[in-house]
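The lines below spell out each chain.
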Amino acid sequence: MAQITEEQFRQQLKSGAFSRVYLIFGAESALVVRYAAQLESRVRPKENPEFNLHRISGDAGVDSIAEAVETLPMMDSGTCVVVNNYDPEAASASDTKKLAQLLADLPDYCVLIFRAASLTVPAKKTAKWKAFIQAVAAAGSVLELPARTDAELIRFMNAFAQRRGCTMNAAAARELIERCGHSWERLQNEMEKLCAWTQSGEIGRDAVEAVSAPVPETAAYRMANALIAGNYDAAYRQLDTLLFQREEPVMLLGALISAYVDLYRARAAADSGEPVASLAEPFRYGKMEFKLKNAARDCRRYSLPQLRRCLDILDEADRALKSSRTDARIVLEKMMAQLMCAAMER
């Protein structure tokens with residue numbers, strides 16, 4: 001077999017033409033869980049699953065996996081073995097060899113599923129990961145689920161809304177992504193709420209702002225935007241809301257630091273005559289390139305010396321949060337006041 005697409009995987013589910021072994025992994029962990037569950041429901045034994053369905057933790061070792069795979073079915077024609085979060089990086093050379101031998105000679109009564117739902121697979125695959133993927137692909141099917149692009153997420157949200165008697169315009173969909181991030185699972189949850197709120201008709205930006213719960217990073221970024229725009233009342237209200245929600249002060253400060261670093265980079269690029277888009281690759285913005293565009297728009301209110309002063313203020317607050325006993329609210333409110341003063345300096 002080989003590495004397969006989601007469409008090919010769905011065709012296998014529909015036709016019942018299953019591989020002997022599957023590896024399902026990727027950035028979209030919720031989809032990994034969903035697809036692995038769909039596959040398991042189709043291939044697991046219908047009779048006596050307590051004897052013929054085996055679930056194994058990946059750290060149990062290759063010998064445990066082999067034992068489950070080689071266990072003959074009882075009162076049924078087949079077995080299913082689901083291995084959760086097997087990490088080839090943690091395997092010894094002898095275990096890697098044993099697993100390769102097992103995959104090359106799987107019994108025809110067993111379907112083996114490797115499900116990597118909560119295991120971070122490096123974007124740049126190591127030698128062990130490459131070897132593992134190649135071994136599974138040679139014997140069966142490998143399904144990788146990468147992070148969704150904005151266009152894919154917008155299509156997903158439109159289709160989701162239509163199935164529930166609603167529609168969603170592109171501006172509202174982009175706003176939801178900006179507020180809630182690129183997680184397919186989180187966006188699905190937010191769409192459930194938005195459709196229930198709207199009931200029928202178009203889901204607009206007003207509904208998104210009224211109903212959706214922004215991720216803390218987004219909320220902190222908006223707090224930074226309010227500070228940058230001089231809307232200090234809104235910035236303090238946002239801070240109060242985040243602290244009331246018991247968000248970690250260090251995380252909030254980290255998001256603020258990120259926003260001001262974006263501003264500094266954009267201002268430095270502008271002053272040197274470089275397009276802000278040139279920053280995307282060296283600083284690995286990837287799908288977050290919209291942050292650079294926003295920073296390019298907002299950095300005009302600041303000079304580089306002002307932004308250096310802002311970064312110094314943020315550094316002082318970071319040190320205070322991590323090394324002093326001062327109440328976190330006081331540290332953050334003082335920091336915001338200092339940032340306001342820095343914005344007014346000329």
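The structure this text deals with has already been given above.
Residues numbered from 1 in each chain as written. Predicted model: local features only at pLDDT ≥ 70, side-chain atom pairs only at ≥ 80, totals over all residues. Heavy atoms only, no water.

## Comments concerning the pattern of salt bridges
Next up, step 1: Across all of its chains, the model carries 18 salt bridges by this definition.
Next up, step 2: We note a salt bridge from Lys98 to Asp63, for which the minimum N-O separation is 3.2 Å. Of this pair, Lys98 sits in helix α5 (residues 93-104) while Asp63 sits in helix α4 (residues 62-70); the two residues are 35 residues apart in sequence, bridging distant segments of the chain.
Next up, step 3: Take Lys98: its relative accessible area is 35%, and that puts it in the partly exposed class.
Next up, step 4: Where salt bridges share partners, they join Glu6, Glu7, Arg10 and Arg148 into one cluster. (Salt bridge = Lys/Arg side-chain N within 4 Å of Asp/Glu carboxyl O. Helix = DSSP H or I, 4+ residues; strand = E, 2+ residues; numbered from the N terminus. Buried < 20%, exposed > 50% of the residue type's maximum accessible area, 1.4 Å probe, protein only.)

## Describing the nonpolar core
For soluble globular proteins, nonpolar side chains are generally found buried alongside one another.
Next up, step 1: With 42 residues, the main nonpolar core has Phe9, Met157, Met168, Leu176, Met191, Leu194 and Ile203 as its most contacted residues.
Next up, step 2: Among the nonpolar cores identified, the runner-up in size contains 38 residues, and Ala235, Leu239, Leu307 and Leu339 belong to it. (Core = buried A, V, L, I, M, F, W, Y, C linked by side-chain atoms within 4.5 Å.)

## Focus on the sheet that holds strand β3 (residues 53-57)
Next up, step 1: The 6 strands are arranged β1-β6-β2-β5-β4-β3 in an open sheet whose pairing can be described as parallel. Both outer strands of the open sheet, β1 (2-4) and β3, are each paired with one neighbouring strand and no more. Each strand of the sheet is rotated relative to its neighbour by a mean of 20°, with strand direction disregarded.
Next up, step 2: Packing against the sheet, helix α1 (residues 6-15) makes contact with β1, β2 (21-26) and β6 (141-145), and its axis sits at approximately 95° to β1. (Pairing = 2+ DSSP bridges. Axes fitted to C-alpha atoms, helices over the stretch in contact; angles between N-to-C directions. Contact = heavy atoms within 4.5 Å.)

## Section: the packing of helix α12 (residues 232-244) against helix α16 (residues 328-344)
The relative placement of two packed helices comes down to the angle between their axes together with the axis-to-axis distance.
Next up, step 1: Remark: α12 packs on α16, axes separated minimally by 11 Å, with the N-to-C direction vectors making an angle of 160°. As summarised for this structure, α12 and α16 are arranged roughly antiparallel, according to the angle between their axes. The two elements α12 and α16 meet at a crossing, and its hand is right-handed. The segment α12 lies against α16, with Tyr232, Ala235, Tyr236, Leu239, Asp240 and Leu243 engaging Arg329, Leu332, Glu333, Met336, Ala337, Met340, Ala343 and Met344.
Next up, step 2: Of the residues in the contact of α12 with α16, the class split is 11 nonpolar, no polar and 3 charged. (Parallel < 35°, antiparallel > 145°, perpendicular 65-115°, else oblique. Left-handed = near helix turned anticlockwise from the far one by under 90°. Nonpolar A, V, L, I, M, F, W, Y, C, P; charged D, E, K, R; others polar.)

## Describing a nonpolar patch on the surface
Next up, step 1: Residues Phe51, Met74 and Met75 make up a contiguous nonpolar surface patch of roughly 320 Å² in combined accessible area.
Next up, step 2: Within the secondary structure, Met74 is located in the loop between α4 and β4 (79-84). (Patch = residues over 30% accessible without salt bridge, like charges linked within 9 Å, V, L, I, M, F, W, Y side chains within 5 Å. Areas by Shrake-Rupley, 256 points an atom, 1.4 Å probe, with all protein chains shown as cover.)

## Observations regarding helix α13 (residues 249-271)
Next up, step 1: Between its terminal C-alpha atoms α13 stretches 33 Å, which fits the 33 Å expected from 23 residues at 1.5 Å a residue.
Next up, step 2: Residues Pro249, Leu252, Leu253, Ala255, Leu256, Ala259, Tyr260, Asp262, Leu263, Ala266, Arg267 and Ala269 constitute the buried set of α13.
Next up, step 3: Buried residues in α13 make contact with α11 (216-228), α12, α14 (289-298), α15 (304-323) and α16. (Expected span 1.5 Å × (residues − 1).)

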